[in-house]
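# Overview (structure and organization)
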Amino acid sequence: TLELYKERGWPYYGGGANIDEARAPLLIEHNGNKIAFIGCNGKGGGYASADVDYPGAGECDYDLMETQVRDLVAQGYLVIATFQHNEVYTFIPQPTLTRDFGRISAAGATIVSGSQAHQSHGMEFPRSDAIITYGLGNTFFDQRGVVDFGDRALITRSVFYDGKYLSTEVFTIMFVDFAKPRFMTAEERADFLTLIFNASIWDYPTE
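Since this is a predicted model, take the numbers as computed values, not measurements.

Turning next to the sheet that holds strand β9 (residues 152–161). On the basis of which strands lie adjacent, the open sheet formed by 3 strands has the order β9-β10-β11 and antiparallel pairing. Looking at strand neighbours, the two that pair on one side only are β9 and β11 (180–183), the edges of this open sheet. Taking each pair of neighbouring strands and ignoring which way they run, the sheet shows an average axis angle of 40°. Pairing of β9 with strand β10 (residues 164–176), which is carried by 10 bridges, proceeds in the antiparallel orientation.

It is the contact of helix α3 (residues 62–74) with helix α4 (residues 95–106), at a shortest axis distance of 8 Å, that shows an interaxial angle of 30°. In terms of their interaxial angle, α3 and α4 are classed as roughly parallel. On α4, the residues touching Tyr62, Asp63, Met65, Glu66 and Val69 of α3 are Asp100, Arg103 and Ile104. Looking at the contact of α3 with α4, its residues break down into 4 nonpolar, no polar and 4 charged.

Before going further, it helps to spend a moment on unusual backbone geometry. Among all residues except glycine, the phi angle is most often negative; among peptide bonds, the trans geometry is most common. In this model, asparagine 31 sits at a positive phi of 50°, which is unusual for a non-glycine residue. Among the structural elements, asparagine 31 can be located in the loop between β2 (26–30) and β3 (33–41). The class of asparagine 31 is exposed, set by a relative accessible area of 66%.

Taken as a whole and assessed by the stated rule, the structure comprises 12 aromatic pairs. Geometrically, the ring pair formed by tyrosine 5 and tyrosine 12 is tilted, given 5.9 Å between the ring centres and 45° between the ring planes. Given a relative accessible area of 29%, tyrosine 5 falls into the partly exposed group. Among the aromatic residues, ring-to-ring pairing joins Tyr62, Phe83, Phe101 and Tyr134 into one connected group. The positively charged end of arginine 8 is found above the aromatic ring belonging to tryptophan 10, 5.8 Å away from the centroid. Against the face of tyrosine 77 rests lysine 34, its NZ or CZ located 4.6 Å from the ring centre.

Side-chain pairs of opposite charge can arise where the charged atoms are in close proximity. Counted by the stated rule, this structure contains 11 salt bridges. The salt bridge partner of aspartate 100 is arginine 99, with a shortest N-O separation of 2.8 Å. Take arginine 99: its relative accessible area is 52%, and that puts it in the exposed class. Note that aspartate 177 is salt-bridged to lysine 180, the shortest N-O span being 3.4 Å. The network of salt bridges with common partners includes Asp63, Glu66, Arg70 and Arg103.

The next thing to look at is the environment of arginine 99. When you line up the elements, arginine 99 lands in helix α4. A distance of 2.8 Å separates the side chain of arginine 99 from the side chain of aspartate 100, its partner in a polar contact.

Inspection of the secondary structure puts alanine 199 in the segment after α5 (186–198). In this structure, the C-alpha to C-alpha distance between alanine 199 and methionine 123, residues 76 residues apart in sequence, is 7.5 Å. Setting aside residues no more than four positions away along its own chain, alanine 199 makes contact with Phe91, Ile92, Pro93 and Gly122.

Reading the values: rules and limits
- Residues numbered from 1 in each chain as written.
- Predicted model: local features only at pLDDT ≥ 70, side-chain atom pairs only at ≥ 80, totals over all residues.
- Heavy atoms only, no water.
- Pairing = 2+ DSSP bridges.
- Helix = DSSP H or I, 4+ residues; strand = E, 2+ residues; numbered from the N terminus.
- Axes fitted to C-alpha atoms, helices over the stretch in contact; angles between N-to-C directions.
- Parallel < 35°, antiparallel > 145°, perpendicular 65-115°, else oblique.
- Contact = heavy atoms within 4.5 Å.
- Nonpolar A, V, L, I, M, F, W, Y, C, P; charged D, E, K, R; others polar.
- Buried < 20%, exposed > 50% of the residue type's maximum accessible area, 1.4 Å probe, protein only.
- Phe/Tyr/Trp six-rings, centres within 6.5 Å; stacked < 30°, edge-to-face > 60°.
- Lys NZ or Arg CZ within 6 Å of the ring centre and 35° of its normal.
- Salt bridge = Lys/Arg side-chain N within 4 Å of Asp/Glu carboxyl O.
- Polar contact = N/O pair within 3.5 Å; in protein donor to acceptor, adjacent residues only side chain to side chain.

What follows is the structure in structure tokens.
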């Protein structure tokens, strides 16, 4: 898989040919913006983990990750940190998620996002220039009849300009025939976002 990525010039992070590569940040400079991607697998138990001489996902080392984030921020990078983490089936982010995602956000990451959720979770707004999306939900398939609300999900699009994070736009999708996403209607969107924002953590003052 890694060789196919390299042949096509596709950058990657959060995994690699060994543990050092798996834990290395991906650095991108584009239109004057310096963006760093960093990620790890926080499920625990050695799940598909890379090792010194073995490929796989980077198991989370939170002390290392905090140091990396602080160093990258000091170098002028906007850090996007992503997790594969414990799967929970509630809208309200659970303590293991808030603990680990919050730790990396507090170190200075601009965006912290979870890719593990089969049911979308609430978000957190820790400061004016940062967002935490604890779990967006299924992107390529649903789990109707297996997971409550498994056929509904979020997609986010974030905007950076002149070295600053400006905003994140939230799209809402619903699956048809188990694998075809469509945008929600205005009524469906309003109902779903009400659930999401009622389960969100509003640390930063909105007024």
